[in-house]
Amino acid sequence: MWAYMHEYFVKRYTEIAREKTGGEPDAQTRFSIRLYCYGTLGMTREWLIKDNITPSETVVRMMFASMPESLRGIFF
């Protein structure tokens, strides 16, 4: 299931990058998207399984703070 979710989010983030930049993402951007999606899904899974005290809003803020600047420049 996690592999399907990863591929879904990679595809979605790549589509958004295309729309925002007006072109195909370069190799570094594609790598960053894949790595960020992999990491956020892994941390979400860890949070769901092991952490029942950290509020979801806090987790979302931490994930946003961990996004590479290169991706933030595209998505926000």
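Residues numbered from 1 in each chain as written. Predicted model: local features only at pLDDT ≥ 70, side-chain atom pairs only at ≥ 80, totals over all residues. Heavy atoms only, no water.

Observations regarding the packing of helix α2 (residues 27–50) against helix α3 (residues 56–66)
Thought 1: Between α2 and α3, the least distance of the axes is 11 Å, while the angle of their chain directions is 155 degrees. When the axes of α2 and α3 are compared, the pair comes out roughly antiparallel. Two packed elements cross with a definite hand, and for α2 against α3 that hand is right-handed. Counted together, Tyr36, Thr40, Met43, Thr44 and Trp47 of α2 and Ser56, Val59, Met63, Phe64 and Ser66 of α3 form the full contact between these two elements.
Thought 2: Tallied by class, residues from the contact of α2 with α3 come to six nonpolar, four polar and no charged. (Axes fitted to C-alpha atoms, helices over the stretch in contact; angles between N-to-C directions. Helix = DSSP H or I, 4+ residues; strand = E, 2+ residues; numbered from the N terminus. Parallel < 35°, antiparallel > 145°, perpendicular 65-115°, else oblique. Left-handed = near helix turned anticlockwise from the far one by under 90°. Contact = heavy atoms within 4.5 Å. Nonpolar A, V, L, I, M, F, W, Y, C, P; charged D, E, K, R; others polar.)

What to know about the pattern of salt bridges
Thought 1: On inspection of all chains with the given rule, the structure shows four salt bridges.
Thought 2: In this structure, Glu15 engages Arg12 in a salt bridge whose closest nitrogen and oxygen atoms are separated by 3.4 Å. One end of the pair, Glu15, and the other, Arg12, are both in helix α1 (residues 2–21), three residues apart, so they sit about a helical turn from each other.
Thought 3: Classification of Glu15 by relative accessible area gives partly exposed; the value is 27%.
Thought 4: Residue Arg12 is classed as partly exposed on the basis of its relative accessible area, which comes to 33%. (Salt bridge = Lys/Arg side-chain N within 4 Å of Asp/Glu carboxyl O. Buried < 20%, exposed > 50% of the residue type's maximum accessible area, 1.4 Å probe, protein only.)

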